[in-house]
Amino acid sequence: MSLLKDFVVYLCLSPTTLLGAVAFLLVFYLVSNTFTSQEVGKAPPGPRPFPLIGNLLQLDLKKLDVSLWELSKKYGSVFTVYFGTNKVVVLAGYETVKEALVSYAEEFGDRDITPIFYDAHQGHGILFANGESWKEMRRFTLSTLRDFGMGKRLSEHKILEECHHLIKVFESYKGNPFNAAIPINHATSNIISAIVYGSRFEYNDPRFKNMVRRANENVRIAGSASIKLYNMFPRLVRWIKNRQLFLKYSEMNMVDVKEVILHLKETLDPQVCRGLIDCFLIRKQKEEESCVKDTHYHEKNLVSTVTNLFSAGTDTTATTLRWGLLLMAKYPLIQAQVQEELNRVIGSREVQVEDRKNMPYTDAVIHEIQRLANIVPMSIPHKTSRDVTFQGLSIKKGTTVFPLLTSVLHDESKWESPNSFNPSHFLDREGKFIRREAFMVFSAGRRVCLGESLARMELFLFFTSLLQSFRFTPPPGVKEEDLDLTPGVGFILTPSPHELCAVSRKRF
Ligand code: HEM
């Protein structure tokens, strides 16, 4: 209903016009009932849509993943909903999501590029791109990230260096309550900076601070109700404030990225790759020299790829870490068990990725944080690349598809206690770590998260280094049970704004 209210406000409708519109919708609804019953029998079922607004009245856009999951209980694991006139097929439950993304990887593997992301990137880069250009950018980025040691020692060194900087910031609060969102975002953003540019930024560098702030703001704006409206009715509501703001921030970040690229270009040594940008520039030069036709190595692809890596790789990891610290403060016994394992396995020396295999409990806790935090609840929308018959239902080429990760990470047939924080989900009877097939936080198939191994390494090293140095508690006067786990609304699910105390463990 709130979306309808927004819509009315945006269009400045008078009560009479509104009444007329409702009467019009009602008549169409009744008429459309006759049409839907005559529709091709094999299309995925779903609630009957109103004309123009589709199923908006049946959905809570602030908790869209939850309301879609509710609908799946009535309409099955493959069903249709209409956002305005846009048809979306929703995939729910582990078996269905896995079958679609893995067994039908080609058919379900295109990205649905919504108008707001098309405006910002025009189909360039990785996140919001398709076809040959996407394939080449994804391949290039993956192999370059591997060369730069994604998931290996080189990134381990960079992450540990960043842990020291972050710990210093936490120490500066001397155990008093503070909001860790910005320092954590700066730390994870610096890991991408080191890989992409070849160097990190100081946390007080004004350009860096602005870039991270704008990228964060855009993640929030992209998930707002008004941007959802714009994506549904792009011609009707082009002028909304949030769209202008989103594009302004994107543009400003791209200008900053272009300046850094220019500087790197001027100091480029073709024999040495300082970071991903250097590798791209060297490749671009080679393709130009050999007159490669229709090369994908052009500036637009470089700028969009770089901004994609920042937006996909900063907020996701930072948000997961924030959920982790919040959950540790809420469940002090679990925090104490992690710290007991840290004391026993590592003591006071620096943590290493190698330690993970000897720390099953901590590994299980990190996995459970990711499962419960469920930060990308509907993945990033996909699109069918061709007509497909899936589970006996026909879905047309170009249909938007939501792989509902919430329904996988809370699938009652896969998790013993899907709605509670229970690290035992990832432990066997002897306390050894076990993988779970329904742990699909990075999605699966052709579009699976490109930064998965980097993110896993970051989460382990940041989380363990922070818990080695600090005990996290609620601010004085706040009880553990009062810490709020309700997520804020945005493109990803973030914890609501909160403060915690980072109490130095050296004092104990
Ligand atoms: C905890 C951290 C992270 C989580 C939970 C996460 C999750 C995801 C998810 C669910 C997707 C969508 C997959 C799909 O479309 O089905 C995705 C895509 C992507 N992620 Fe991550 N991600 C994380 C960290 C990172 C990092 C650190 C990077 C950067 C190196 C990264 C780069 C990307 C890119 C570029 C894509 C787009 C892939 C494509 O469209 O081909 N992510 N991620």
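**Overview of unusual backbone geometry**
Of note in this structure, Leu 52 is not a glycine but carries a positive phi near 65 degrees. The phi torsion at Lys 174 lies on the positive side, around 50 degrees, for a residue other than glycine. Following the sequence through the fold, Lys 174 ends up in the loop between α7 (153-172) and α8 (181-196). For Lys 174, a relative accessible area of 63% puts it in the exposed group.

**Structural notes on the coordination of the iron atom of the ligand**
Looking at the protein side alone, the iron atom of the ligand has one donor only, Cys 449 (SG), at 2.3 Å. Note that Cys 449 resides in the loop between α17 (405-409) and α18 (452-469).

**Focus on the domain arrangement of the protein**
Here the protein is described as being made up of domain 1 (2-121) and domain 2 (131-351 + 457-507). Each partner contributes to the interface: domain 1 provides 21 residues, whereas domain 2 provides 26 residues. Carbon and sulfur atoms supply 74% of the area that domain 1 and domain 2 bury against each other, a total of about 2,000 Å² over both sides. Along the contact surface separating domain 1 from domain 2 lie five residue pairs in polar contact (both at pLDDT 80 or more).

**Quick word on the site of the ligand**
Around the ligand there are 26 residues in total, and Arg 111, Arg 138, His 382, Ser 443 and Cys 449 lie nearest to it. Residue Ser 379 places a side-chain N or O atom 2.9 Å away from an oxygen atom belonging to the ligand. Only α6 (131-147), α13 (299-313), α14 (315-330) and α18 provide two or more residues apiece to the shell around the ligand. Residue contributions to the shell around the ligand peak at three residues, all from α14.

**Some points on α13**
Two residues of an α-helix separated by three or four positions point the same way, owing to the 3.6 residues in each turn. Counted at 1.5 Å a residue, the expected span for α13 with its 15 residues is 21 Å, and the 21 Å between its end C-alpha atoms agrees. Counting buried positions over the 15 residues of α13 gives 11, a clear majority of the element. When we look at burial in α13, the residues that qualify are Asn 301, Leu 302, Val 303, Ser 304, Thr 305, Val 306, Thr 307, Asn 308, Leu 309, Phe 310 and Gly 313. Buried residues along α13 sit in contact with α5 (115-121), α6, α8, α11 (241-266), α12 (276-289) and α14.

About the criteria used
- Residues numbered from 1 in each chain as written.
- Predicted model: local features only at pLDDT ≥ 70, side-chain atom pairs only at ≥ 80, totals over all residues.
- Heavy atoms only, no water.
- Helix = DSSP H or I, 4+ residues; strand = E, 2+ residues; numbered from the N terminus.
- Buried < 20%, exposed > 50% of the residue type's maximum accessible area, 1.4 Å probe, protein only.
- Donors = N, O, S within 2.8 Å, 3.2 Å for Na, K, Ca; no water.
- Domains from an automatic or database assignment.
- Contact = heavy atoms within 4.5 Å.
- Buried area = accessible area lost by both parts, 1.4 Å probe.
- Polar contact = N/O pair within 3.5 Å; in protein donor to acceptor, adjacent residues only side chain to side chain.
- Near = heavy atom within 4 Å.
- Expected span 1.5 Å × (residues − 1).

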